[in-house]
Amino acid sequence: MGLLSDPNRRKALTSLLTRLNTPICVVCYLAGIAWFMGLAFEPFTLRTYMSENAMGSTMVEERFPAGERALATAREFAAHKRKVGGMPVEWLVKTMQARGLEVFTQSFTRTLPFPDENKERYMVRGTNIYGILRAPRAPRTEALVLSAPCSPDNSNNQAVGLLLGLAQYFRSQIYWAKDIIFLVNEHDLIGMQAWLEGYHHTNITGMDYTPLQGRAGSIQAALSLELSSDVITSLDLVLEGLNGQLPNLDLANLFHAFCQKIGVLCTIQGKLQRGDWDTAEGYTHAVQTMMLMVLKQASGRPWGDHGLFLRYHIEAASVRGINSFRQYKTDATTIGRLLEGMFRKLNNLLERLHQSYFFYLMPSLTHFVSIGYYMPAFGLLATILLLRALDLWVQLGTPAQVTEDGAGEVEPVSINNQGVLSVLTPVVISHLTGVALYTLPVLSQETAVEHFPVSETEAVVLTAIAIYTAGLALPHNTHRFISGEGTEQGWRVLKLVALLYLAVLLGCTALINFSLGFILAITLVPAAACVTPHMPKALTALAMVLLSPGCTLLYCVFIFQELQEAPVTLPEGWMLFLSVISQGILDHSLYGSLVYPLLALLIYPCWLLLWNILFWK
Amino acid sequence: MAAVGVFALAALVLSCKCDSVEKPSDATGAGTGSEAERSGPAAASAGSEAPGGGAGAAVSLPDSCEEELLIRPLHSGDIYASFQFRTLWDTDFLHQGKKVSHYRLFPKSLGQVLSKFSVRELHISFTQGYWRTMQWGQPIVPSPPGAELWVWFHNTVADVDGNWKELTNVLSGIFCASLNFIDSTNTVQPSASFKPLGLGNATDHRFLRYATLPREIVCTENLTPWKKLLPCGSKAGLAVLMKSEKLFHSSFHSQAVHIRPVCKDWQCSSTAWELRQTLNVVFDLYTSGQGKKEWSLFKMFSRTLTEACPLASSSKVYVDVTDNPEGELFDLSPATSVLNTAVVLGDRRTYSVYDLTQKETFGQLRSLNLVLRWKGESGDMLRPLLHAERYVAGFGLQTGEIHTLIYNNHPYRAFPVLLLDSVPWYLRLYIHTLTVTSKTRENKPSYIHYQPSKDRLRPHLLEMLVQLPPHSVTEVTVQFERALLKWTEYTPDPNHGFYVGSSVISALVPSVVAMDTNNTQERPLFSSFFPTKEESSYFVRVYTEPLLVNLPTPDFSMPYNVICLTCTVVAVGYGSFYNLLTRTFQVEEPSQPLAKRLANVIRRIRGVPLL
C-alpha cells in the first residue's frame, strides 16, 4: 500500500479528490438515487426461496372444514360484543374453555400522554383473553401465537370467529409439538403491548397490567389475523414492525407458498403482483410497492399487531383480509386452511426462524432485495459527506502547512482555542433546542390548552412545530457573543464537525432502519454538502428549510398518499401531517418507537448546525 | 415342568410378534435371547422348589412380584392410568466377595449394575410431556420432563464420580437413552432435597448424584427395554396393555425404575431389594374420542385383559370411584363389589378392585374390558395444595431473569418447601439479585445452600428452604447473564435454544385426613411409594416446567464471509497502518553537483570543514 505512505502520491490523490470534489459528489448522489430506483427492476432482484428446511420439504395437508361455523361464531361474538358494549369477556372465556383450552385473562390500563384523536382514546382500560392449547407430550417450552384484535367498532369479528374455529379444530389434532396460544387483544396495539410485557414480565412503557397466570415457554412465531367481512378477495401481508424491524423473510415466503398452494390472491402493500416487469407500467408498479414499504418502514411504527412481537425476537406478521369487490372470492374455510397450513409448518420448526434474511425490501411478494443490494445506494450518498469532509480537512490543513516558521506556532493554538468554543457553542445550543423539542410539547400541553383555544392533541403538535420553527431563529447568532466575528476558519471547522456527525448519524440509522436512513440522506446530504456562508442568503435559506427533516416528513405524507392511490389536497395533507406528528409522539411513549427521539434529539440539531453555517458572519 | 416349558415357548413366539410391532430392529436377537435367559432359571426353580406352581409358591421363594394398574378419571375428562410392578428379593448385592449369580424374577442386567457400582438406591425416569398439576392434580409418581436420574451410592465407594460416570454409560445402554450425556456439567449433589426413599439413614450427600436431561425425547425405543425388565415381559398380565402406538398417543407419558432397599416383611427383621417399575400415562379423550367422554380398556390400549402374570403373587386393577359414590357421575362395567379405601396424597379415595388372579373377574368372555360411561359433567377439582411454575422474563440476548412461582393453596396452613434449582453454567446467575417474596413481602429462606458454577465444569446448585404462607404465591427471582459459548460448544441446532432443567420442589404438605403410617398392613402399591412417617402430613414432589433459553448465537452460515472480511481488513487496514507506523520519513537531500562532492573529498582529506 504505497498509495498512502508515499507523500507524493498521497498528495496527488488528495488534490484529485479536492479538485474533482463537486463533480464526484454530484455523480455519487445521482448514482445513489439511480441505484435505489434500480432495486425495483425485476432482473436486478432475487426471487424469494424457502431457506428453512423444516418448512420446505415437509408437505402438510390442510383439512380445516368449519369456515361456516366460524362465521356463525363470529356473528354470535358480534352480538355479545354489542350487548356488553366492548369485549365480551365472559362469553369468550366460556367459549374458549368449551373448546378445550386453558383460558386466562389479563386486564390493563394505560393513560396516554395526550388524547389520541385518530382513535379517540385517552384513558384506556381493557382486557386481553387468551387460551392455551397444550400440545400433547410437550414440556411447555415452545409456543406459537395466533392473535386477533377485538376492535370497538364492528370490524374484525370474523377474525375472532375464525380464531375460535381454528382453536376447536386444532384441539382435536394430535400432531402439535408446540403449545398454541389463541389471543384476543383489546385496544389493538395497546392490548398487545400489555400482553407481551406481561408475558415477558417487563415494563418498558409504564403500562399498568395484571400479571399473566398461564404461560407456554418461549414464543417461536406469531401471526395476527384481521378480517372484517365474511368473504374476501385477497389477503394482504403486513411485515413492517416497530422501529422498522422486519420478521424473517421465511415467514413471508411461507405465506406466499400457501397462498400459491391454496389459490388465494395475495398482496403486499395492498398491491397485486404484475407479470410484466419489462413494461414501464410493470416497473412503476414495482417501484410503488417498494416505495410504500420504504415509507412504512421509515415511519418506525408497527403497522399491525405483529409489530410489537419483533422486539422480543419473535418472528411475526399480520395477515389482513381485503374485500375489494373483485370477481374472485375466498371464503372463511379457505383462509382457515391457509392458516392451518402455516401453523402446521411453523409447528414443524426445530429452531427459530433464522435461516433467511432479516434485512430486505420487497418490490413484490416473489422478489426481494437483500441488504447487500440496497446498502450501496445509501453508501453512495454517505460517501458525499465523507468526500466533503475530506475536502474541508484538506482546506483546513493547507494554511497550517504553509506556516512552517517558528513565528506561526503561537497562532494555531489560539485559533484552536477559539475554534473549539465557536464550534462547541452552536453544537450545545442546537442540542438544547432538540431537547426542548423532545420534552416540551408533552410537558407544556396543559399550559397551551389554558392559553389557546386548542385541544390537547393540537396543543402538543403545534408546540412541537413552534419549537421547531423557533429553533431556526435561535442559534445562528450565538457565535457572535463568543468571538464577535465569525472567522473563515470557524465555519469550516463547524461544517467539518457537522458533516462527520451527520455521516455517523445516518450511517447508524441506516444500519438499523435502512429506509429511514436513506430518506433522511436524500434530503439532508445535499443540504450538508452545499451549505456555506457565502451564498445568497434568502434563496439558500429557503432551500435549507425545504430540505429540513420536518419538510421531509411533509413530502413523505404526500408521497405516501399518492402511492396508496388516495391523493390528498394541500389542506388535507397538512392535517394529515399534523396527525402524523402526534402519532409519532404517541408511538414513542406507548410502544417505544425511536423515530421521534431520533429526529428531535439528533437529526434536527444536526440540521441546525448546517443552518448555523449559512448565517455565519 | 412341562407346563412352564410350554409357557416359555409361547412367550418366545409372543415376544417375536410383539416386538416386531414395536421395534423391528431387535425383534429376533436381543428380545428372544433375554426372554429365554430369564424364563430358564424361573422354570428351573419353579420346578424344583415348588411343584405346585402358581401364586402360593411365591411365598416360600426369596423373591416375589406384584403388579397393579390404577385408573383414575380426571376432572378435565382425561384418563390417568398408572401401572406399578414391584419385585422384591432378599439378596445382598453389596456383599463383598460373594457374587450374586442366580437370578429368577429380578432382572440380571440391573442386578449386576447394582453390585458392580455399589448402588444403594437408584431412581431413573423418562418422561415425555409435562404433568399439568392444575388440571390433573398430583401424580402418583412425580417426574420431570425428559430424563431424571438420581443415585445414592454405598458409603464404601471411594471414587463416586468415576462410578457415576460409568453407571450413567451402562444405564444409557440398558435403557437405550442418551444418559451418557450426563457429565459433571449437569450433575449436582443436593444437600437436602433428595433423601433416600428406602431403608437406611444416609445423610452424607457426597454419595448422592442427581442429574436431569430435559431435552431427552422418550419413545418406543426406551419402552421396549423397560418392558423387558418385567418378570412376564409384555407377554402376560397387565403388561399386555402396553402397546406403544397407544401409549404414545397420549398427553403424558412417563416410565420409571426405582430400586431401593426395603423391609422384607412387616417385622422388618431383614431387608430386601425392591425393584419398582412404574408407567404413567394420561389419555386425552378429546382428541381420540370425538368429544365423547367414554372410555374402555380396549379404547385406551386396544387390548383387553385375559390373565394375570403367572409369576405375580398379586395382580389387580384399581379404578378410582371416589367422585362417583352413588353412580350418578359415570357407569362402570363390569361392576365389582370389591372396594378398597386408601389414603393417597392427603386424600381418602375409594377404588373398585378387580383381582386378575380370580377367574370370576374375566367373566363369560374370558376377558376383562372395563368400560366407563360418563353421565354428567364432573364438578370442579379441588385445587392442588401445592403447585409451581417457572418462566424466563426479559428480552434481548444479554441478561434475563428466572421467575419461579410457588403456590400454596392451603386456606390456613403454612408449610415449608425445599426448592432445588440446578442451572447450567452458561447462564451466569447473579446470586445477589436473588429475591424471595410472598404476599409482596420479603420472605427470608431459613436455609440456603448455593454452589456457584464453574465454567464448563459444573452447574449452579441452589437449594432453599422457604416457608410458604397460607393461601399465597411465593415468587423466587434471580437474574442471570447469558454466556458466550465457544463455537464448538454450540449444539447442532443452536437457534433452538438451550434447556434449563426443572426446579424441584419437595414438601411435606399438611394433610386433611390422617395419613396411614402403619406400614405393616397390606396396601395398594401406588399408595406406598413415598414412606409416610407421620399422620398429619404427606410428602409431595413438584417439578416445574423446564426452560428454553436462547443464547447469543453467531451466524454459523457465515464463516466464509467472516474469513473474507477479516482477511481484507487485516490486509488493507493493518498492512497499511503497519507500513505507515514502521517506515521512517526523511527529508531527501538534493544530490550535490559533482564538483562540490570532489571538493568535499579533498576537504575531508585536508581536515577542514566541509562545504
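No experiment lies behind these values; they were computed from the predicted model shown.

J.: Lay out the overall build of chain A with the relevant residues and their values.
T.: From N to C terminus, chain A includes 22 helices and twelve strands. Relative to a compact globule of 617 residues, whose C-alpha radius of gyration would be 25 Å, chain A shows 28 Å and is just as compact. Relative to its 617 residues, chain A shows a buried fraction of 57%. Pairs at least 24 residues apart make up 82% of the contacts formed inside chain A by residues separated by at least 6 positions. Roughly 25100 Å² of accessible area belongs to chain A as shown, and the carbon and sulfur atoms make up 63% of that amount. For chain A, the distance from the average site of its 42 positive side-chain charges to the average site of its 47 negative ones is 5 Å.

J.: Describe the UniProt feature "transmembrane region" (unreviewed entry) in chain A, listing the residues and the values that go with them.
T.: Residues and elements named next belong to chain A. Following the UniProt record, the feature "transmembrane region" (unreviewed entry) maps to residues 20–41, 357–387, 498–531, 538–560 and 594–616 here. Strand forms 0% of residues 498–531 and helix 94%; the C-alpha atoms that close the span are 11 Å apart. With 91% helix and 0% strand, the stretch residues 538–560 has end C-alpha atoms that lie 30 Å from each other.

J.: Give me the lowdown on the sheet that holds strand β16 (residues 399–408) of chain B, citing residues and values where you can.
T.: All names here are of chain B. Strand order in the open sheet formed by five strands is β15-β16-β22-β18-β19, and the pairing between neighbours is antiparallel. Two strands bound the open sheet, and with one partner strand each, they are β15 (386–393) and β19 (441–442). In terms of strand pairing, β16 meets strand β22 (residues 472–482) through ten bridges, oriented antiparallel. When the sheet's bridge partners are listed, Thr404 is paired in β22 with Val476.

J.: Residues and numbers for the domain arrangement of chain B, please.
T.: Here chain B is described as being made up of domain 1 (41–47 + 55–381) and domain 2 (562–611). Between the C-alpha centres of domain 1 of chain B and domain 2 of chain B the distance comes to 88 Å.

J.: Can you explain the nonpolar core? Please cite residues and give values.
T.: Judged by nonpolar contacts, the single largest core of 189 residues is most densely connected at A:Phe182, A:Trp195, A:Phe255 and A:Met362. Of the residues forming this core, the biggest block, 14 residues, is contributed by helix α22 (residues 595–614) of chain A. Residues within four places of A:Phe255 in sequence aside, it is in contact with A:Leu235, A:Leu237, A:Cys266, A:Val319, A:Leu338, A:Met342 and A:Leu365. B:Leu110, B:Val151, B:Leu171 and B:Tyr351 belong to the second-largest nonpolar core, a separate cluster that totals 104 residues.

J.: Give a description of the pattern of salt bridges that names residues and reports values.
T.: Residues and elements named next belong to chain A. Taken as a whole and judged by the stated rule, the model has 31 salt bridges over all chains. We note a salt bridge from Glu62 to Lys261, for which the minimum N-O separation is 2.8 Å. In this pair, Glu62 is assigned in the loop between α4 (53–56) and α5 (67–84) and Lys261 in helix α9 (residues 249–262), connecting sequence segments 199 residues apart. Taking relative accessible area as the criterion, Lys261 reaches 40% and is therefore assigned partly exposed. With a closest N to O distance of 3.5 Å, Asp230 and Arg75 form a salt bridge. Remark: Arg75 occurs in helix α5 and Asp230 occurs in the loop between β7 (218–226) and β8 (234–238); sequence separation between them is 155 residues.

J.: Now, about the sheet that holds strand β2 (residues 79–89) of chain B: what can you tell me, with residues and values included?
T.: All names here are of chain B. Strand order in the open sheet formed by eleven strands is β5-β6-β4-β3-β7-β8-β2-β1-β10-β13-β12, with mixed pairing between adjacent strands. The sheet is open, and its two borders are formed by β5 (187–188) and β12 (339–344), each paired with just one other strand. Sheet analysis places strand β1 (residues 63–73) next to β2, joined by eleven bridges and oriented antiparallel. Across the sheet, residue Glu68 finds its bridge partner in β2, namely Gln84. Strands β3 (119–128), β4 (146–153), β5, β6 (208–213) and β7 (252–263) of the sheet are contacted by helix α5 (residues 160–175), whose axis makes an angle of about 135° with β4. With respect to the sheet, helix α6 (residues 220–228) is in contact with β2, β7 and β8 (271–283), its orientation differing from that of β7 by roughly 30°.

J.: So what's going on with the side chain of A:His588? Residues and values would help.
T.: Residues and elements named next belong to chain A. Turning to its location among the elements, His588 is positioned in helix α21 (residues 570–591). Engagement of the side chain of His588 in a polar contact is seen with the backbone oxygen of Ser593, the distance being 2.9 Å. Other than its neighbours up to four places away in sequence, His588 contacts Tyr438, Ser593, Tyr596 and Pro597.

J.: Could you give an account of the pairing of β8(A), naming the residues involved and the relevant values?
T.: Residue and element names in this part refer to chain A. With respect to burial, β8 is a largely interior element, five of its five residues being buried. Of the two faces of β8, the one carrying Ser234, Asp236 and Val238 and the one carrying Leu235 and Leu237 are both buried. Relative to strand β10 (residues 315–322), β8 runs antiparallel, the two sharing five bridges. Bridge pairing in β10 links Leu237 to Val319. As paired strands, β8 and strand β9 (residues 266–268) are joined by three bridges and run parallel to one another. Across the sheet, residue Asp236 finds its bridge partner in β9, namely Thr267. For the crossover from β8 across α9 to β9, the handedness is right-handed.

J.: Got a sec to walk through the packing of α5(A) against helix α7 (residues 157–171) of chain A? Specific residues and values, please.
T.: Residues and elements named next belong to chain A. One can describe the packing of α5 onto α7 by two numbers: an axis separation of 7 Å at closest approach and a directional angle of 125°. In terms of orientation, α5 and α7 fall into the oblique class. In the packing of α5 onto α7, the handedness of the crossing is right-handed. Contacts between α5 and α7 involve Arg69, Ala70, Leu71, Thr73, Ala74, Phe77, Ala78 and Lys81 from the first element and Asn157, Gln158, Val160, Gly161, Leu162, Leu164, Gly165 and Gln168 from the second. Taken together, the residues of the contact of α5 with α7 break down into eight nonpolar, six polar and two charged.

J.: Tell me about a negative patch on the surface, and please be specific about residues and values.
T.: Residue and element names in this part refer to chain A. Taken together, the side chains of Glu117, Glu120, Glu446, Glu450, Glu456 and Glu458 make up a negatively charged region of the molecular surface. Elements that contribute at least two residues to the negative patch include exactly α14 (445–451) and α15 (456–473). With respect to the helices, strands and loops of the structure, Glu117 is situated in the loop between β2 (102–116) and β3 (121–133).

J.: Provide a residue-level description of the state of the cysteines, including the pertinent values.
T.: Scanning all chains against the criterion turns up one disulfide over all chains. Bridging B:Cys232 to B:Cys309, the disulfide has an S-S length of 1.7 Å. In this structure, the disulfide formed by B:Cys232 and B:Cys309 twists by about 70° around the S-S bond and is classed as right-handed. Of this pair, B:Cys232 sits in the loop between α6 and α7 (244–247) while B:Cys309 sits in the loop between α9 (297–301) and β10 (314–320), and the two are 77 residues apart along the sequence. Comparing B:Cys232 with B:Cys309, the two get one shared label, buried. No disulfide involves A:Cys259; its sulfur sits 3.9 Å from the nearest other cysteine sulfur, which is in A:Cys266. Cysteine B:Cys564 remains unbridged, with the sulfur of B:Cys567 as its closest cysteine sulfur at 6.9 Å. You can call B:Cys564 partly exposed: its relative accessible area is 34%.

Conventions and cut-offs
Residues numbered from 1 in each chain as written. Chains lettered and ligands numbered in written order. Predicted model: local features only at pLDDT ≥ 70, side-chain atom pairs only at ≥ 80, totals over all residues. Heavy atoms only, no water. Helix = DSSP H or I, 4+ residues; strand = E, 2+ residues; numbered from the N terminus. Rg over C-alpha atoms; globule rule 2.2 N^0.38 Å. Buried < 20%, exposed > 50% of the residue type's maximum accessible area, 1.4 Å probe, protein only. Contact = heavy atoms within 4.5 Å. Areas by Shrake-Rupley, 256 points an atom, 1.4 Å probe, with all protein chains shown as cover. Lys, Arg positive; Asp, Glu negative; His and termini not counted. Charge placed at Lys NZ, Arg CZ, Asp CG, Glu CD. UniProt positions renumbered as here; feature names shortened; annotations may be inferred. Pairing = 2+ DSSP bridges. Domains from an automatic or database assignment. Core = buried A, V, L, I, M, F, W, Y, C linked by side-chain atoms within 4.5 Å. Salt bridge = Lys/Arg side-chain N within 4 Å of Asp/Glu carboxyl O. Axes fitted to C-alpha atoms, helices over the stretch in contact; angles between N-to-C directions. Polar contact = N/O pair within 3.5 Å; in protein donor to acceptor, adjacent residues only side chain to side chain. Right-handed = clockwise from strand over helix to strand, strands pointing away. Parallel < 35°, antiparallel > 145°, perpendicular 65-115°, else oblique. Left-handed = near helix turned anticlockwise from the far one by under 90°. Nonpolar A, V, L, I, M, F, W, Y, C, P; charged D, E, K, R; others polar. Patch = residues over 30% accessible without salt bridge, like charges linked within 9 Å, V, L, I, M, F, W, Y side chains within 5 Å. Disulfide = S-S within 2.5 Å.

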